[in-house]
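Each chain, letter by letter, is given below.
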Amino acid sequence: MSALRSQRLRKYGFVGGFLVVPVTLYLVFVISPYIQAFQLSLTSWNGYQASPTYIGFENFTRLLGDSVFWSAVRNHGVLLLVLPLVTIAIALVFAFLLNVGGGSRGAGMTGVVGSTFYKIVFFAPQVLAVAIVGVLWRAIYRPDESGVINGVLIGLGLEPVGWMTEPSLALWSLIAVMVWQAVGFYVVLFSAGMAAIPKDYFEAASLDGAGRVRLFFSITLPLLWDTIQVGWVYLGIAAFDGFALVTVLTMDAGGPDNATSVLPVEIFKNAFNYSKVGYASAMGVALFFLTITFAVLTLRVSRREKVEL
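A. Region of the structure containing the packing of aromatic side chains. Summed over the entire model, instances satisfying the criterion amount to 15 aromatic pairs. An angle of 45 degrees between the planes, with centres 6.2 Å apart, marks the rings of Tyr186 and Phe190 as tilted. With a gap of four residues between them, Tyr186 and Phe190 both fall in helix H7 (residues 167–195), about one helical turn apart. Exposure remark for Tyr186: the relative accessible area of 6% places this residue in the buried category. Owing to a relative accessible area of 0%, Phe190 belongs among the buried residues under this scheme. Counting every residue linked through ring pairs, the aromatic cluster contains Tyr34, Phe38, Phe288 and Phe289. Taking the ring centre of Tyr279 as reference, the NZ or CZ of Arg62 above it sits at 4.1 Å.

B. Quick look at the pattern of salt bridges. On inspection of all chains with the given rule, the structure shows two salt bridges. Ionic pairing is found between Lys269 and Glu266, a salt bridge with its closest N-O pair at 3.8 Å. Of the two residues, Lys269 and Glu266 both sit in helix H12 (residues 263–273), three residues apart, roughly one turn of that helix. Taken individually, Lys269 and Glu266 each receive the classification buried, so the pair is uniform in this respect.

What counts, and at which threshold
- Within each chain, residues carry numbers counting from 1 in the order of the written sequence.
- Owing to the predicted nature of the model, reporting of local features is limited to residues with pLDDT of at least 70; listing and counting of side-chain atom pairs is limited to 80 or more, with chain, interface and lining totals taken over all residues.
- Heavy atoms from the whole structure form the basis of all side-chain values; hydrogens and water molecules are not counted.
- Note on aromatic pairs: the rings of Phe, Tyr and Trp (six-membered ring only in Trp) are paired at centre separations within 6.5 Å, and the planes decide the class, stacked below 30 degrees, edge-to-face beyond 60, tilted for the rest.
- Numbering of helices and strands starts at the N terminus; helices are DSSP runs of H or I of at least 4 residues and strands are runs of E of at least 2.
- Summary of the burial criterion: residues with accessible area below 20% of their type's maximum are buried, those above 50% are exposed, and those between are partly exposed, where the area comes from a 1.4 Å probe applied to protein chains only.
- Placement of a positive charge over a ring is assigned whenever Lys NZ or Arg CZ falls within 6 Å of the ring centre and within 35 degrees of the normal to the ring plane.
- By salt bridge we mean one thing: a side-chain nitrogen of Lys or Arg within 4 Å of a carboxyl oxygen of Asp or Glu.

Following this line, the structure appears as structure tokens:
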């Protein structure tokens, strides 16, 4: 018995020795900042005081009456509904076409001609820095004849459109950029998932007379559900971000009239422009719980019985 206990101790000691460094780093650089943010959210610290003044939950009470905060939350709600749905839908269609959309040729089901080249083209926006994407689309969305889209409209004799200057259009224009940037990654992600599905399934269904739509909904979607679930969570978390794009692309980082405001931008403004670090931390805590709640609810709602290959 003592020998068995000694063997277990050596095994756990060996494993624990490898875990000490990564767990310590995680505690110091991940958990500790979260704890500090929760602590600062209970203060009126301006970033310069030696001793923060604790004010309890006053910052959270102010949040409830802050119209800018609720505008940002409303924008996040729109992003949560539209960004994952549109991105995943487009990515699934493209990935399906690139993998089995070419039908049955030769040895089995194949993608459309030039599918490898298309994957590279779709993925290209993903390798660009977000700031570069913002600058690029700012040139495309310019409200005068120098803008790419408005230049075409003016050339056709139509009125230019204020894509990022009209409150009713600004958020939708921003979402279009976010979808454009993200869709390539999910095309590659879903393509990898589809490549793991045995082609025999598609060939057997095709021989039974199933068309592309039936193949997609009866075979591809059920067998790819776990990957779609992960993609939905990632895109939902991305919908709670948007800091770089909003800062570079929009008017006054969230304008016009807070039409594109998001919580990370408001946190930055309050912390570094207005020296309200305590209030910014309260916004950060709210953002933390919104993100965690979304991830948990998504995983629970989308949970289904796993389909074995």
